[in-house]
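# Architecture at a glance
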Amino acid sequence: GSNPPIPVSVVPGSGSALGNDLVTLNGVHFVSGMAIYFCGDPATQITVASGSQASCRTPPGTGVCDVEVVNPDGQEVWGGTGFHPRPGPDAARVAEVGMWIHVDQAGRGLGAEVLRGLACWGFDAWRWERLEWRAARDNLASVRVAEKAGFTREGLERGATVLPDGRRSDVVVFAALPDDAGFL
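Residues numbered from 1 in each chain as written. Predicted model: local features only at pLDDT ≥ 70, side-chain atom pairs only at ≥ 80, totals over all residues. Heavy atoms only, no water.

## Digging into the environment of glycine 19
We count it as follows: Strands here mean DSSP runs of E at least two residues long; helices mean DSSP runs of H or I at least four residues long; both are numbered from the N terminus. For the exposure calls, accessible area comes from a 1.4 Å probe over protein chains only, and a residue counts as buried if that area is under 20% of its type's maximum, exposed if over 50%, partly exposed in between. Residues count as neighbours in contact if any of their non-hydrogen atoms are within 4.5 Å of one another.
Note that glycine 19 resides in the loop between strand 1 (6-11) and strand 2 (22-28). A residue is classified by how much of its surface remains accessible, and glycine 19, at 8% relative accessible area, is buried. Residues glycine 19 and proline 178, spaced 159 residues apart in sequence, show a C-alpha to C-alpha distance of 30 Å. When neighbours within four sequence positions are excluded, glycine 19 is seen to be in contact with Thr58, Pro59 and Pro60.

This is the structure we're talking about:
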């Protein structure tokens, strides 16, 4: 089968709560007949211009959320990502990047590639002034993703998260700024 599609950016990065905004997605492995979802709701009028670019109309109620792209052959999704604005005034222009990669695709370098692309797009199109990445200290794969993507390790938040088994874990904090090497 074909490779699952991976969206890297959506332009513009925000739109009307009424939906029907025309957006362009950039990524890889886009094919005719694919479906696009914003916060789990389907987009309309999808046009695939190339294997790396598509456009569509957003569904109503779309705010800052994850975007999912699914090929028509039923390919499973390899992962998802999105910006999560930090609390405080919008002028702070700070977001945390969230991401998940399907366990079958782990260890292939996708996380670092997507994180780097998302950061470049975030600093350019969204005008974020700081992007953060947090990883449970024992999640070495997540720590490596941030390091490979060029994020700077800033510190450790002790006991800052609860793991699925109920144990508390320290969190390693990484960040990137627009002026860091190669982001703009």
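## Considering the sheet that holds strand 1
Spelled out, the test is: A strand pair is defined by DSSP finding two or more bridges across the two strands. To get an axis, a line is fitted to the C-alpha atoms, and for a helix only the part in contact is used. The angle between two axes follows their N-to-C directions and goes from 0 to 180 degrees.
Ordered in space as 1-2-6-5, the 4 strands form an open sheet in which the pairing is antiparallel. Pairing within the sheet leaves two strands with one partner each, and these edge strands are strand 1 and strand 5 (44-50). Within the sheet, the average angular offset between the axes of one strand and its neighbour, ignoring direction, is 25 degrees. Strand direction decides the pairing type here: strand 1 and strand 2, joined by 5 bridges, are antiparallel. Looking across to strand 2, one finds that isoleucine 6 is bridged to valine 28.

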